[in-house]
Amino acid sequence: MKIEDYYSELDSKRFGINIAKVNDFNFQNYSSILKELKLKGIKLILTRVNSEKIQLINALEENGFRVKDTQLTLNRKIENYEIIKYQLKDSNNITISEVKECEIEILGDIAYNAFQGYGHYNMNKLLDSEESNMIYKDWTIRSCRDKNVADFVFVAKVNDDVAGFLTLKNINSQYGVQYLGCVVEKYRNFGVFRMLINECMIKGIELNNNWQQTFLLSINYPVISSYLKLGFKISESNHTMHCWL
Ligand SMILES: CC(C)(COP(=O)(O)OP(=O)(O)OC[C@H]1O[C@@H](n2cnc3c(N)ncnc32)[C@H](O)[C@@H]1OP(=O)(O)O)[C@@H](O)C(=O)NCCC(=O)NCCS
């Protein structure tokens, strides 16, 4: 990979400093990549390293990297998925449909509230916290408007009130990824999110996918519990690390 390819335009523009994302560090390349990025004027490096690679993680720590979160990868075969109609615990007035233009800003605001203080950017106290919170709002809006970000955005409504959403990206003919979702606080713990996960799997079956994937923070116990209940299995763990140069 060329050194220029590590530059993250989106992050650099957002935070007003040069930021690089490097996800292929190993023992052979890490010191030369660090040197080159410093020479190129990069101020912050973001990296994701498999949690099993403790020696590499320790070497990166010695070079100033700090763990900012731990992300689990979960997978599920959907070929044999039996479609389940989930009912809300206290109400059955829930409907799920694809996002409409007039709902996009509402979803952005829901994400902004649900993800306050969430994720590795927020764990870096030298980054502007308002910009870190805005990441989820912007990501939600881009998911609705840009097929490179998400192919489907499913919206759950209780009567006419938007209760939550979940995005799905069809990666190839084999599988899709459930990326970003949340539920408004007053509608939590009724099974709304489980219905959204279910809807994504139904779409995956329609697309003839074999399996689906998602990425979750290891400390997000409610959402991990929902995915495990629906038959997803944890396959991998990765640490996100940041390093100021
Ligand atoms: C995570 C989130 C989407 C869950 O939405 P939800 O509609 O409440 O989810 P569900 O009702 O389908 O399931 C929640 C499950 O978590 C359980 N749960 C709730 N709080 C919990 C906790 N602190 N620890 C462990 N489990 C918990 C609930 O009991 C429920 O399981 P049950 O039905 O077996 O009792 C919602 O809390 C949210 O929007 N959080 C903020 C944003 C976020 O984390 N999004 C997901 C990452 S992309």
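Residues numbered from 1 in each chain as written. Predicted model: local features only at pLDDT ≥ 70, side-chain atom pairs only at ≥ 80, totals over all residues.

1. Focus: the site of the ligand
Okay, step 1: Around the ligand, 19 residues are found, and the nearest of them are Cys 182, Arg 188, Phe 193, Tyr 221 and Pro 222.
Okay, step 2: Elements that contribute at least two residues to the shell around the ligand include exactly β7 (175-183), α7 (192-206) and α8 (221-229).
Okay, step 3: With 5 residues, the single largest contributor to the shell around the ligand is α8. (Near = placed C-beta within 6 Å. Helix = DSSP H or I, 4+ residues; strand = E, 2+ residues; numbered from the N terminus.)

2. Overview of unusual backbone geometry
Okay, step 1: If you check the backbone angles, Asn 159 has positive phi at about 55° while not being a glycine.
Okay, step 2: For Asn 159, a count of 9 C-beta atoms within 10 Å puts it in the exposed group.
Okay, step 3: Phi at Asn 189 is positive, roughly 70°, even though this residue is not glycine.
Okay, step 4: With respect to the helices and strands, Asn 189 occurs in the loop between β7 and α7. (Buried ≥ 20, exposed ≤ 12 C-beta atoms within 10 Å, placed from the backbone.)

3. What about the domain arrangement of the chain?
Okay, step 1: Here the domain parsing of the chain yields domain 1 (3-71) and domain 2 (75-237).
Okay, step 2: Listed by partner, the interface residues are 8 residues for domain 1 and 13 residues for domain 2.
Okay, step 3: Broken down by element, the side of domain 1 that touches domain 2 gets its largest block of residues, 4 residues, from strand β3 (residues 66-77).
Okay, step 4: Residue composition of the side of domain 1 that touches domain 2, grouped by class: 1 nonpolar, 4 polar and 3 charged. (Domains from an automatic or database assignment. Contact = placed C-beta atoms within 7 Å. Nonpolar A, V, L, I, M, F, W, Y, C, P; charged D, E, K, R; others polar.)

4. Structural notes on the pairing of β7
Okay, step 1: Within β7, 7 of the 9 residues are buried, which leaves the element mostly enclosed by the surrounding structure.
Okay, step 2: In the sheet, strand β6 (residues 161-170) pairs with β7 via 6 bridges, with the strands oriented antiparallel. Paired with Phe 165 across the two strands is Cys 182, which belongs to β7.
Okay, step 3: Remark: 4 residues form the turn of the hairpin made by β6 and β7, two consecutive strands paired antiparallel. (Pairing = 2+ DSSP bridges.)

5. Focus on helix α6 (residues 129-145)
Okay, step 1: Between its first and last C-alpha atoms α6 spans 25 Å; for 17 residues at 1.5 Å apiece the expected length is 24 Å, and the two agree.
Okay, step 2: Helix geometry: α6 is bent most strongly at Ile 135, by close to 30°.
Okay, step 3: Here α6 has its buried residues at Ser 132, Ile 135, Tyr 136, Thr 140, Ser 143 and Cys 144.
Okay, step 4: Where α6 is buried, its residues touch α4 (104-114), α5 (119-122), β5 (152-158), β6 and β7. (Expected span 1.5 Å × (residues − 1). Bend = angle between axes of the 7 residues up to and from the residue.)

6. Some remarks on the packing of α7 against α8
Okay, step 1: Running from N to C, α7 and α8 point in directions that differ by 45°, and their axes come no closer than 10 Å. Between α7 and α8, the interaxial angle falls into the category oblique. As for how α7 packs across α8, the hand of that crossing is right-handed. In this structure, α7 contributes Phe 193, Arg 194 and Ile 197 to the contact, and α8 contributes Val 223, Ser 226 and Tyr 227. (Axes fitted to C-alpha atoms, helices over the stretch in contact; angles between N-to-C directions. Parallel < 35°, antiparallel > 145°, perpendicular 65-115°, else oblique. Left-handed = near helix turned anticlockwise from the far one by under 90°.)

7. Regarding the nonpolar core
Okay, step 1: Among the nonpolar cores identified, the biggest contains 39 residues, and Val 153, Phe 154, Val 155, Ala 156, Phe 165, Val 192 and Leu 196 are the most heavily contacted of them.
Okay, step 2: Broken down by secondary-structure element, the contributors of at least two residues to this core are β3, β4 (94-98), α4, α6, β5, β6, β7 and α7.
Okay, step 3: With 7 residues, α7 is the largest single contributor of residues to this core.
Okay, step 4: Not counting residues up to four positions away in its chain, the partners in contact with Phe 154 are Ile 96, Glu 98, Phe 165, Leu 166, Leu 196, Glu 199 and Cys 200. (Core = buried A, V, L, I, M, F, W, Y, C linked by C-beta atoms within 7 Å.)

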